[in-house]
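# Coordinates in review
In case you want the letters, here they are:
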Amino acid sequence: MRSLLRTLCLTMLTALSMTGTTALAAADTKLAPLTIYHIEGRRSERLVWLCEEIGRPYQLEYKRGNIVGSMATIREISPLMPVAPTVRYGDLVMVESGAIIELILAREGGQGLVPPVDSADYAYYLQWMHFAEGSFASRVIADYRVEMLNVQKPNLGYKLVDSEAVLKFADAFLAKNPYFGGSNFSAADIMMLFPTNFAAGMNVVDLAEFPNVATWKQKVESRPAYKKMLEVARPDGLVGSPKPLPKKE
Ligand SMILES: N[C@@H](CCC(=O)N[C@@H](CS)C(=O)NCC(=O)O)C(=O)O
């Protein structure tokens, strides 16, 4: 029974690890091989989405429905900093989604996902590329954890770092610009979606209060490359997500 299960798992894994390469058959042989070590619903989805946007071949490694197993694989590749995403890009093993995206786009040509360097949009692009992790994800995740403690021990009155101010800032930008990179869809949008979805999905904020962000989210999630990402990197929907906060009154 155990060996049957192992064979089944190996077959599934082989199928999964082939997904990206199969989807993008017209591989450019000059490109360094890229393996994305992934966990469903996590930041590694950014890289799958990026590759689907630019038609860049990749190999996707994860154990479907098995977050612990996917993390164990990542730990083998990056024992000192086991996080999703970890990638193997040519001979390099690398973490930090924004840096990986910037490296791929810089080495392989912006592929339409980076505004021209001398444009006003380029400054916005850089701001939101870095804001996504530097301010947005860090504040939202801090607020999620603090609010969880407040739910468990209401009398301690832990203070939040104010995710709503972050969303207000993003919403005001999107009132004047269709995308975080200014006029066009860019890698900054790919970076910004994860913390937006974490904030909304975990009930840290109510997206109904930020209509421009809500409209933008709908727009970027309807892109064919995003849908393809969901198909290959999240085939069973969200698995093993953290517990959402109670909904705000
Ligand atoms: N700033 C990093 C964050 C990476 C990160 O923390 N990833 C999460 C998943 S979304 C993770 O692997 N967490 C597991 C852990 O920290 O043990 C990035 O953007 O790549």
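The structure under discussion appears in the preceding block.
Residues numbered from 1 in each chain as written. Predicted model: local features only at pLDDT ≥ 70, side-chain atom pairs only at ≥ 80, totals over all residues. Heavy atoms only, no water.

### Quick look at the site of the ligand
Taken together, the neighbourhood of the ligand is formed by Arg42, Arg43, Arg46, Met71, Val83, Ala84, Pro85, Glu96, Ser97, Glu133 and Phe194. Within the contact set of the ligand, a nitrogen atom lies 2.6 Å away from a side-chain nitrogen or oxygen of Glu96. In this structure, an oxygen atom belonging to the ligand sits 2.7 Å away from a side-chain N or O atom of Ser97. Look at the ligand: alone it shows 510 Å² of surface, and the protein chains cover 70% of it. Among the residues forming the shell around the ligand, the class breakdown is 5 nonpolar, 1 polar and 5 charged. (Near = heavy atom within 4 Å. Polar contact = N/O pair within 3.5 Å; in protein donor to acceptor, adjacent residues only side chain to side chain. Areas by Shrake-Rupley, 256 points an atom, 1.4 Å probe, with all protein chains shown as cover. Nonpolar A, V, L, I, M, F, W, Y, C, P; charged D, E, K, R; others polar.)

### Concerning the packing of helix 5 (residues 120-152) against helix 6 (residues 163-176)
Close contact between helix 5 and helix 6 brings their axes to 9 Å; oriented N to C, the two are set at 155°. Regarding the angle of helix 5 to helix 6, the classification is roughly antiparallel. As for how helix 5 packs across helix 6, the hand of that crossing is left-handed. Contacts between helix 5 and helix 6 involve Tyr124, Gln127, Trp128, Phe131, Phe136, Arg139, Val140 and Asp143 from the first element and Ser163, Val166, Leu167, Phe169, Ala170 and Phe173 from the second. Classifying every residue of the contact of helix 5 with helix 6 by side-chain character gives 10 nonpolar, 2 polar and 2 charged. (Axes fitted to C-alpha atoms, helices over the stretch in contact; angles between N-to-C directions. Helix = DSSP H or I, 4+ residues; strand = E, 2+ residues; numbered from the N terminus. Parallel < 35°, antiparallel > 145°, perpendicular 65-115°, else oblique. Left-handed = near helix turned anticlockwise from the far one by under 90°. Contact = heavy atoms within 4.5 Å.)

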